[in-house]
Amino acid sequence: MSVAETETPLLPIHIVPDPVLRKVARAVTPADMEEVRGLIPAMFATMYAAPGIGLAAPQVGRLLRLVVIDLAPEKVLEPIVLINPEIIAASDETASREEGCLSLPEQYAEVTRPARVAVRYLDETGVKKEIEGEGLMAACLQHEIDHLNGVLFVDYLSALKRNMLLRKLAKEQKDKAARK
Ligand code: K2U
Ligand code: ZN
């Protein structure tokens, strides 16, 4: 653990139905970069501690188009910072996988998405990058960019399944608060 990591404070992860999770985040501008440089290590520390493999700024209450991803938190760390990410291509072929979300703790459901995506973004130094993802990376890129548009994985479920999952989450959050 570097000094920075030990001193990086964890950020509170907002939980559904917090309205911040349903808002559209605004693009990061050069004026935001000082705040973003502070937010990035705190978001990575928060994501690794959860644990998770992705985290979007709206999940920690900041409506900025900023995402951090690391698919291999337990092996060699491969941290990726995506500023103002946009999907520029998506395959017609789809893939289904069980998804979770740090903002809907302990809730899982199968989600079908394009199997491969290409994403254009700025990295933490403001350099334009492009990344292609398939498998778990494709799902994670789409899941995180959805967060920037106020979209959650439950939105891809039938109304019946979505409402069952949201009711179960609300009950579990209520029971948890009662145990405190
Ligand atoms: O809430 C989040 O955005 C973190 C998500 C990222 C994610 C969801 C579905 C599919 C890919 C990525 C997860 O909760 S991180 C937890 C996790 C860990 C390993 C595999 C899948 C999900
Ligand atoms: Zn999520």
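Scroll up for the structure.
Everything numeric here is computed off the predicted structure, so don't read it as measured data.

Parameters and conventions
- Residues numbered from 1 in each chain as written.
- Chains lettered and ligands numbered in written order.
- Predicted model: local features only at pLDDT ≥ 70, side-chain atom pairs only at ≥ 80, totals over all residues.
- Heavy atoms only, no water.
- Near = heavy atom within 4 Å.
- Polar contact = N/O pair within 3.5 Å; in protein donor to acceptor, adjacent residues only side chain to side chain.
- Nonpolar A, V, L, I, M, F, W, Y, C, P; charged D, E, K, R; others polar.
- Helix = DSSP H or I, 4+ residues; strand = E, 2+ residues; numbered from the N terminus.
- Pairing = 2+ DSSP bridges.
- Axes fitted to C-alpha atoms, helices over the stretch in contact; angles between N-to-C directions.
- Contact = heavy atoms within 4.5 Å.
- Phe/Tyr/Trp six-rings, centres within 6.5 Å; stacked < 30°, edge-to-face > 60°.
- Buried < 20%, exposed > 50% of the residue type's maximum accessible area, 1.4 Å probe, protein only.

Draft legend 1. Spatial organisation of the site of ligand 1. Taken together, 13 residues surround ligand 1, and among them G54, Q59, L102, H143 and E144 come closest. Contact between ligand 1 and Q59: an oxygen atom at 3.0 Å from a side-chain N or O atom of the residue. For the shell around ligand 1, the per-class residue count stands at 5 nonpolar, 6 polar and 2 charged.

Draft legend 2. Layout of the environment of G38. Considering the arrangement of structural elements, one finds G38 in helix α2 (residues 33-49). Through-space distance from the C-alpha of G38 to that of T8 is 9.2 Å; in sequence the pair is 30 residues apart.

Draft legend 3. Structural context of the sheet that holds strand β1 (residues 54-56). With antiparallel pairing, 5 strands are arranged side by side in an open sheet as β1-β2-β3-β6-β7. One side of each edge strand has no neighbouring strand; the edge strands of this open sheet are β1 and β7 (128-134). Shown here is a sheet whose adjacent strand axes are inclined to one another by a mean of 40 degrees, direction ignored. As paired elements, strand β6 (residues 116-122) and β7 share 7 bridges and run antiparallel to each other. In the strand pairing of β7, L122 is matched with K128. Helix-sheet contacts for helix α3 (residues 135-148) involve β1, β2 (66-69), β3 (80-90), β6 and β7, and the interaxial angle to β7 is about 125 degrees.

Draft legend 4. Representation of the packing of aromatic side chains in the model. Applying the stated rule across the entire model yields 1 aromatic pair. Considering the side-chain rings of F44 and Y48, the 5.9 Å spacing of their centres and the 20 degrees angle between planes classify their relative orientation as stacked. Linking F44 with Y48, this pair stays in helix α2, spanning 4 residues, or about one helical turn. A relative accessible area of 10% means that F44 is categorised as buried. Take Y48: its relative accessible area is 23%, and that puts it in the partly exposed class.

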